[in-house]
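Chain by chain, the residues run as shown.
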Amino acid sequence: MNPILVERYRGETLESFHRGAICMVDKDNKVIFSAGDIHQVCFPRSALKLFQILPLLESGAVEKFGFTLEEIAIMCGSHNGEKEHVAVVNSILKKIGISKSKLHCGPQYPTLNEDKNDMIKRGIEPEDLHNNCSGKHSGFLAYCVFYGLDIDSYYKPSHPLQQAIKKVTAEMHEYPEMQMNTAMDGCSAPIFSIPVYNQAIGYKNLTSPEKFGEQRIKSCNTVIEAVTKYPFMVAGHKRYCTEMMKICGSRIVGKTGADGIYSLGFINEKMGCTIKIDDGLLGPQYSVAQEIIEKSGIFTKEQLSSLYHYIESPIVNWNKYTTGVQKVNEEVFENVPRLG
């Protein structure tokens, strides 16, 4: 049974908790910190986006279409569907000459209630453009346009694009392609099963891709530069990925995935870390990620002060009374290696 990583107290009584696994590897793929079953197989979900873009970056399409780092960042993102996000996705589609109707990620209301409610008040229906994965899908379409591939089936596992992504995924995670089960993600794109350990290796390789050659070095460096320079495109307001990389982007790249995934790449140290929350609830993985960042010592407590609420925060009721607290289980993190 995986250890309890995050606890929720009502008063002084532990009321509920979230178990999970953590794996942190160094540049040689050696496990330097772990908790729980690091070999359990699960799906990276949207944490895979930083790898799904690699075939596009290595195709020559970026140069042909003149994609900016901001546009590359949203191709890696799980954005809120805010107006700035929609504008950047529209810019990508305009550059490749493809209608928004060709996106196949599915209509989705924006993440933030204020944006959703504004659309409802104005009688505007959500579109695929608002989907948190529309940036990724616009990148998929760009790849198809560049190579002259069918754009109506780009999301199917048998499509040459998805086959290229699966090959890159296996390489970067150092995990046999034949052992990866293919399933459908929330946005209808293929997703691949990978052990937590290998997901950590993937993010290590993102920061240290030398073994894969010059082209891969360039593409991985582009991904890191894009998401750390434009973290708003990766998520948006009130989102951990954006808030964390605004402060830590010079040293750390991070990406969330649905069902309890969070992966971190430590840029200078050439290390990777993946977190999987067993119950799949969105939120506890941010608590764990932030605790690991704080324990690493790369940044001071003062620098990280605005992010501390992810580690420990009060639970309040409708009357704004504090009923308890949510916090990480400190005992689990005692041996996180100090990097700073």
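Before any of the text, the structure's been laid out above.
Structural notes, computed from the coordinates. Since we're looking at a predicted model, the values are computed, not measured.

## As for helix H5 (residues 83-96)
Over its 14 residues, H5 extends 20 Å from the first C-alpha to the last, a length consistent with the 20 Å expected when each residue adds 1.5 Å. Contacts from the buried residues of H5 go to helix H3 (61-65), helix H4 (69-75), helix H7 (134-147) and helix H11 (231-234). Downstream of H5 by one or two residues, Gly97 has phi in the positive range, about 70 degrees.

## Examining the pairing of strand S1 (residues 4-10)
Counting buried positions over the 7 residues of S1 gives 5, a clear majority of the element. Summarising the sheet, S1 and strand S2 (residues 13-25) pair through 6 bridges and their orientation is antiparallel. Each residue of the ladder has a partner; that of Tyr9, found in S2, is Leu14.

## Quick word on the pattern of salt bridges
Applying the stated criterion across every chain, the model contains 20 salt bridges. Across the salt bridge formed by Arg216 and Glu58, the nearest N and O atoms sit 2.5 Å from each other. With Arg216 in helix H10 (residues 214-229) and Glu58 in the loop between helix H2 (54-57) and H3, this residue pair connects regions lying 158 residues apart in the sequence. Judged by its relative accessible area of 8%, Arg216 is buried. The partner of Lys295 in a salt bridge is Glu330, with the nearest N and O atoms 3.1 Å apart. Here Lys295 is found in helix H13 (residues 284-296), whereas its partner Glu330 is found in the segment after strand S12 (322-328), with 35 residues between them in sequence. Note on Lys295: relative accessible area 29%, which makes it partly exposed.

Conventions used here
- Residues numbered from 1 in each chain as written.
- Predicted model: local features only at pLDDT ≥ 70, side-chain atom pairs only at ≥ 80, totals over all residues.
- Heavy atoms only, no water.
- Helix = DSSP H or I, 4+ residues; strand = E, 2+ residues; numbered from the N terminus.
- Expected span 1.5 Å × (residues − 1).
- Contact = heavy atoms within 4.5 Å.
- Buried < 20%, exposed > 50% of the residue type's maximum accessible area, 1.4 Å probe, protein only.
- Pairing = 2+ DSSP bridges.
- Salt bridge = Lys/Arg side-chain N within 4 Å of Asp/Glu carboxyl O.

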